[in-house]
Amino acid sequence: MSRLYPMAASPRLPTQPHLLLARRTVLAAALGLLFRSALLSRPGQAGGHGRWAEPMPSAARSLLLDGARRGERVIAVGERGHVLISADYGRTWAQAKVPTRALLTAVTMVGSEVAWAVGHGPVVLRSTNGGANWMRQRLPEAAVEPLLDVWFADEQRGVAIGAFGRIMMTEDGGDRWRAGVIDGREPHANAIAQGSEQALYIAAEFGILFGSIDVGRSWTGRGRGTIVGSSWGWPY
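The structure displayed is predicted, hence computed values, not measured ones. All residue numbers refer to positions counted from 1 along the written sequence of the respective chain. With pLDDT at 70 or above as the cut-off, local features in this predicted model cover only qualifying residues; side-chain atom pairs require 80 or more to be listed or tallied, and sums for whole chains, interfaces and linings still use all residues. For side-chain calculations, the full set of non-hydrogen atoms in the structure is used, while hydrogens and water are omitted.

Attention now moves to the layout of surface pockets. Any empty space left between the atoms is revealed when a probe the size of a water molecule rolls over them. Using protein atoms alone on a 1 Å grid, points that fit a 1.4 Å probe yet trap it form a cavity, whereas open point sets bounded by protein on both sides within 12 Å along at least five of seven lines form a pocket; residues with an atom within 4 Å of a point count as lining. Grid points are joined across faces, edges and corners, and a volume is the space filled by probe spheres set on the points. The volume enclosed by the second largest pocket comes to roughly 160 Å³. In terms of lining residues, the second largest pocket is bounded by R157, G158, V159, M169, T170, E171, D172, R176, W177, R178, V215 and R217. Secondary structure elements follow DSSP: runs of H or I no shorter than four residues count as helices, runs of E no shorter than two count as strands, and numbering proceeds from the N terminus. Of all elements in the fold, only β11 (158–162) and β12 (166–170) reach the threshold of two or more residues within the lining of the second largest pocket. Residues that form the lining of the second largest pocket fall into these classes: four nonpolar, two polar and six charged. Classification used: nonpolar for Ala, Val, Leu, Ile, Met, Phe, Trp, Tyr, Cys and Pro, charged for Asp, Glu, Lys and Arg, polar for all others including Gly.

Right, let's talk about the pairing of strand β4 (residues 83–86) for a bit. Summary of the burial criterion: residues with accessible area below 20% of their type's maximum are buried, those above 50% are exposed, and those between are partly exposed, where the area comes from a 1.4 Å probe applied to protein chains only. Side chains V83 and I85 of β4 all project onto a buried face; the interleaved residues L84 and S86 project onto the opposite face, where all are buried too. Relative to β4, strand β3 (residues 73–78) runs antiparallel, the two being bridged by four bridges. Paired with I75 across the bridge in β4 is I85. A pair of strands is treated as paired once DSSP finds two or more bridges between them. Here β3 hands over to β4 after four residues, with R80 in that stretch at a positive phi of 60°. Here two bridges tie β4 to strand β5 (residues 92–95), and the two strands are oriented antiparallel to one another. The residue bridging I85 from the neighbouring strand is A94, located in β5. Turn length for the β4-β5 hairpin, with the two strands adjacent in sequence and antiparallel, is five residues, and the turn residue Y89 shows positive phi of about 60°.

Glancing now at the nonpolar core. Remark: nonpolar core denotes a set of buried residues (Ala, Val, Leu, Ile, Met, Phe, Trp, Tyr, Cys) joined through side-chain atoms within 4.5 Å. I75, V77, V83, V98, V107, L125 and W134 are the most contacted members of the largest nonpolar core, which has 19 residues in total. Among the elements that take part in this core, strand β6 (residues 104–110) stands out by supplying three residues, more than any other. Any two residues whose heavy atoms approach within 4.5 Å are treated as being in contact. Apart from the residues within four sequence positions on either side, L125 is in contact with V98, P99, T100, L104, A115, W116, A117, W134, M135 and R136. I167, A204, F210 and W219 belong to the second largest nonpolar core, which has 15 residues in total.

Attention now moves to the pairing of strand β15 (residues 200–204). For β15, the buried fraction is high: four of the five residues fall into the buried class. Strand direction decides the pairing type here: strand β14 (residues 189–194) and β15, joined by five bridges, are antiparallel. Looking at β15, one finds that A191 is bridged to A203. Joining the antiparallel neighbours β14 and β15 is a turn of five residues, in which E197 adopts a positive phi near 50°. Where β15 meets strand β16 (residues 209–212), four bridges bridge the pair, whose relative direction is antiparallel. Paired with Y201 across the bridge in β16 is G211. Counting the residues between successive antiparallel strands, the hairpin from β15 to β16 contains four residues, one of them, F206, with a positive phi of roughly 65°.

Let us now look at the environment of T108. As for its placement among the helices and strands, T108 is situated in strand β6. A relative accessible area of 15% places T108 in the buried class. A sequence separation of 41 residues divides T108 from D149, and the C-alpha atoms of the two residues are 8.8 Å apart. Not counting the four nearest positions on each side in its chain, T108 is found in contact with A68, A115, W116, V150, W151 and F152.

As structure tokens, then:
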């Protein structure tokens, strides 16, 4: 059973900068065509600490890497911190107010109002109004690698994963994050998905698959890492 190794800063950069999942590549192309033809209703606003995502029209031309939907509400995230939201299943779109210009790689929704997004930096963002506004979360100082996917069981318990086997977990809605490494070999953790009940799975570099039956508190590796290549996602 894999334990969470103490997280240490690494000077290396990912060998594949954006580490896009196969499903996100297809989603990015589809969303890009949709946003270019959709009416983007209003520009974003700048302000607060740090750099905020650029307002329209740059968002309409940006690369979008992931999307999430609950009912008719859709949230899409991508480069330069762009977050686009729709409340009518994609007929009209608006740009959200986002306190980062980092590449956002993944987004998930918990109900119709609470959403989480992660990306390079690393950055973890939380929204409590359906994606219209976002708050940047405070992360452990050792967290320096890009985050590539995020999953939440409910509004309190969540897992974020990323490059070099980095994994972060919260059980209090993001007030505190525990950071570690899922495996001493430090394979890039590319995608996380839920199976039955409390089972979670992570697709990683070297063909390694990790499984958890306790909502991410402990992980077991499957595969010896002898495959030349990476596991990028899950069939849907």
